[in-house]
Amino acid sequence: MASTEALSGRRTPAALPRLRVPAWALVLPPVAALGLVFLHPLALVLWQSVSPEGGGHGFSTYADVFAQTAFRDALRNTVLIAAGSTAGALVLGFALALVIAFVPFPGGRAVGRFVDVFLSFPSFLITLALLFVYGSAGMANGVWTGVTGAASGPFDFLHTPWGVLLAEITYFTPFVMRPLLGAFSRIETAQIDVAASLGAKAPRIVRQVILPEALPALAAGGSLVLVMCLNEFGIVLFTGAKGVTTLPVLVYGKAILDGDYTGACVVAVVNIALSLALYGLYRMLTTRMDGVRRARA
């Protein structure tokens with residue numbers, strides 16, 4: 001009996017051999033793109049930081065920058081503002097996420113979705129909003145002067161470190177709320193119902209049932225906020241806080257205003273080292289927390 005190929009007059013082409021692409025060929029393009037976009041500029045910053053303007057190479061610029069009072073003040077301001085903003089964002093974000101996730105109220109879902117939209121806002125927009133509300137010519141001072149007849153209002157803190165803290169807490173709190181809302185959505189409501197039926201009050205339920213499940217999300221959100229606060233530039237610049245200079249602002253001042261590119265690179269390297277150290281600390285803490293949770297399970 002003639003085959004189908006013979007009757008139709010066509011021949012089935014032979015199967016093509018499968019091409020095997022080496023693993024290094026797949027890895028090379030993204031590594032090359034990463035090196036070109038990120039590693040190469042970073043290497044230039046590192047090289048410039050050890051290349052003084054007088055010629056040669058060495059760490060003399062590091063010693064000069066570290067000896068400057070402006071650098072020590074900027075380092076202290078950066079750490080204190082970042083720590084304070086992170087602590088405030090953690091407390092406020094945890095409280096707001098609890099209300100949105102476990103307290104039913106009209107518009108709760110809309111508020112949860114607005115948190116996602118808020119993450120896309122630029123930081124300077126929040127600062128401008130606070131200036132419109134609490135600035136020297138803002139709404140709050142306008143209401144005060146209109147009611148009391150005073151020449152000026154009492155709200156004049158946005159140009160101080162407290163204003164920077166308020167702006168950063170306002171902006172970075174949703175970055176804590178987002179992972180918390182995701183963690184809260186995975187908590188079995190039966191656990192809360194059982195705890196309530198056994199007579200546990202709301203604070204105890206939060207402390208013993210909700211908080212243990214939220215710790216990984218708190219660690220993730222807090223570490224993200226801390227790193228972002230260390231590198232925040234727009235909020236500090238737009239508030240115009242007097243005497244509040246952070247490391248990113250110092251980099252801008254040395255590079256753009258003073259023309260000291262080597263000194264700016266030194267400060268940038270210190271800022272990068274701080275961020276990497278915090279990331280390493282975060283990884284260590286999360287690894288230990290995962291180990292404890294697996295041991296309990």
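From a predicted model like this one, the values you see are computed outputs, not experimental measurements.

**Some details on the overall build of the protein chain**
On a plain count of helices and strands, the protein chain comes out with 13 helices and zero strands. Beginning at the N terminus, the succession of helices and strands in the protein chain can be written as α-α-α-α-α-α-α-α-α-α-α-α-α. With respect to the principal axes defined by its C-alpha atoms, the protein chain has extents near 110 × 75 × 45 Å. Burial statistics for the protein chain: of 297 residues in total, 32% are counted as buried. In the protein chain, once contacts between residues fewer than 6 apart in sequence are set aside, the share between residues at least 24 apart is 70%. Within the protein chain, the 14 negative side-chain charges are centred at a point lying 13 Å from the centre of the 20 positive side-chain charges.

**Quick look at the pattern of salt bridges**
Applying the stated criterion to the full structure yields two salt bridges. Across the pair arginine 76 and aspartate 73 runs a salt bridge whose closest N-O atoms are separated by 3.1 Å. Of this pair, arginine 76 and aspartate 73 both sit in helix α4 (residues 69–102), three residues apart, which is roughly one turn of the helix. What makes arginine 76 partly exposed here is its relative accessible area of 43%. Exposure remark for aspartate 73: the relative accessible area of 29% places this residue in the partly exposed category. Linking aspartate 260 and lysine 254 is a salt bridge whose minimum nitrogen-to-oxygen distance equals 3.9 Å.

**Notes on the nonpolar core**
Counting residues in hydrophobic clusters, the biggest one holds 42 residues, and the most contacted among them are Leu180 and Phe184. Of all the secondary-structure elements, those providing two or more residues to this core are α4, α5 (108–118), α6 (123–134), α8 (161–185), α9 (189–197), α10 (202–230) and α11 (234–239). Of all the elements, α8 adds the most residues to this core, at 12 residues.

**A word on the side chain of serine 85**
With respect to the secondary-structure elements, serine 85 resides in helix α4. Note on serine 85: relative accessible area 1%, which makes it buried. Of note is the side chain of serine 85, whose polar atom sits 2.9 Å from the side chain of glutamate 168.

**Comments concerning the side chain of serine 123**
Looking at the secondary structure, you find serine 123 in helix α6. Among the polar contacts made by the side chain of serine 123, one reaches the side chain of glutamate 232 at a distance of 3.1 Å. Discounting chain neighbours no more than four positions away, the residues touching serine 123 are Tyr171, Glu232, Gly234 and Ile235.

**Some words on the confidence of the model for the protein chain**
Scored by pLDDT, the protein chain comes out at a mean of 82, with 91% of its residues at no less than 70. By mean pLDDT, helix α1 (residues 4–8) is the weakest element of the protein chain at 49, and α4 is the strongest at 91.

**As for the packing of aromatic side chains**
Applying the stated criterion across every chain yields a total of 10 aromatic pairs. Ring geometry for phenylalanine 124 and phenylalanine 238: centres 5.3 Å apart, planes at 25°, overall stacked. Of this pair, phenylalanine 124 sits in helix α6 while phenylalanine 238 is found in helix α11, placing the two residues 114 residues apart along the sequence. Phenylalanine 124 gets classed as partly exposed once you look at its relative accessible area, which sits at 35%. Look at phenylalanine 238 and you get partly exposed, because its relative accessible area is 37%. Summarising the aromatic geometry, the rings of tyrosine 171 and phenylalanine 172 are spaced 4.9 Å apart at their centres and angled 75° between planes, so their arrangement reads as edge-to-face. The residues tyrosine 171 and phenylalanine 172 share a single accessibility class, namely buried. Clustering of aromatic rings is evident, with ring pairs tying together Phe59, Tyr62, Phe66 and Phe71.

**Here's the deal with the packing of α6 against helix α7 (residues 139–148)**
Working note: a packed helix pair is described by the angle between its axes plus the distance between those axes. The N-to-C vectors of α6 and α7 enclose an angle of 5°; their axes lie 4 Å apart at closest approach. Classified by the interaxial angle, the pair formed by α6 and α7 is roughly parallel. Every residue of α7 that contacts α6 at Phe132, Val133 and Tyr134 is listed here: Met139, Ala140 and Asn141. Of the residues belonging to the contact of α6 with α7, the class tally is five nonpolar, one polar and no charged.

**A closer look at the packing of α9 against α10**
Contact pair α9 / α10: the axes reach a minimum separation of 11 Å and the direction vectors enclose 145°. Here α9 and α10 pass one another in a crossing that is right-handed. Contacts between α9 and α10 involve Gln191, Ile192, Ala195 and Ala196 from the former and Ile205, Val209 and Ile210 from the latter. A class-by-class count of the residues in the contact of α9 with α10 yields six nonpolar, one polar and no charged.

**Let's talk about the environment of threonine 170**
Its location among the elements puts threonine 170 in helix α8. Residue threonine 170 is classed as partly exposed on the basis of its relative accessible area, which comes to 29%. Once the C-alpha coordinates of threonine 170 and alanine 89 are considered, the two residues, 81 residues apart in sequence, prove to be 7.5 Å apart. At 2.7 Å, the side chain of threonine 170 and the backbone oxygen of leucine 166 are in polar contact.

The rules we used
Along each chain, the written sequence defines residue order, and numbers are assigned to residues from 1. Side-chain atom pairs in this predicted model are given and counted only at pLDDT of 80 or more, local residue features only at pLDDT of at least 70, and totals for whole chains, interfaces and linings cover all residues. For side-chain calculations, the full set of non-hydrogen atoms in the structure is used, while hydrogens and water are omitted. Helix and strand labels come from DSSP, where a helix needs a run of H or I of at least four residues and a strand needs a run of E of at least two; each type is numbered from the N terminus. Here's how the labels work: a residue is buried when its accessible area is under 20% of the maximum for its type, exposed when over 50%, partly exposed in between, all with a 1.4 Å probe on protein chains only. Any pair of residues with heavy atoms lying within 4.5 Å of one another is described as a contacting pair. Only four residue types enter the tally: Lys and Arg on the positive side, Asp and Glu on the negative side, with His and both chain ends excluded. Note on charges: their place is set at NZ of Lys, CZ of Arg, CG of Asp or CD of Glu. Whenever a carboxyl oxygen of Asp or Glu lies within 4 Å of a side-chain nitrogen of Lys or Arg, that contact is scored as a salt bridge. Throughout, nonpolar core names a set of buried Ala, Val, Leu, Ile, Met, Phe, Trp, Tyr and Cys residues whose side chains join them through atoms within 4.5 Å. Under this definition, polar contacts are N or O atom pairs within 3.5 Å; protein pairs additionally need one hydrogen-donor-capable and one acceptor-capable atom, and for neighbouring residues in sequence, both atoms have to be side-chain atoms. Known as pLDDT, the predictor's confidence for each residue is given on a scale from 0 to 100. Aromatic rings from Phe, Tyr and Trp, taking only the six-membered ring of Trp, are treated as a pair when their centres fall within 6.5 Å; an angle between ring planes under 30 degrees marks them as stacked, one over 60 as edge-to-face, and anything in between as tilted. Where helices are involved, their axes are fitted lines through C-alpha atoms of the stretch in contact, as for all axes, and angles between N-to-C directions lie from 0 to 180°. We call two directions roughly parallel when the angle between them is under 35 degrees, roughly antiparallel when it is over 145, roughly perpendicular when it lies between 65 and 115, and oblique otherwise. Side-chain classes are defined by residue name, with Ala, Val, Leu, Ile, Met, Phe, Trp, Tyr, Cys and Pro counting as nonpolar, Asp, Glu, Lys and Arg as charged, and the others, Gly among them, as polar. Should the near helix be turned counterclockwise from the far one by less than a right angle, the crossing is left-handed, whereas a clockwise turn marks it as right-handed.

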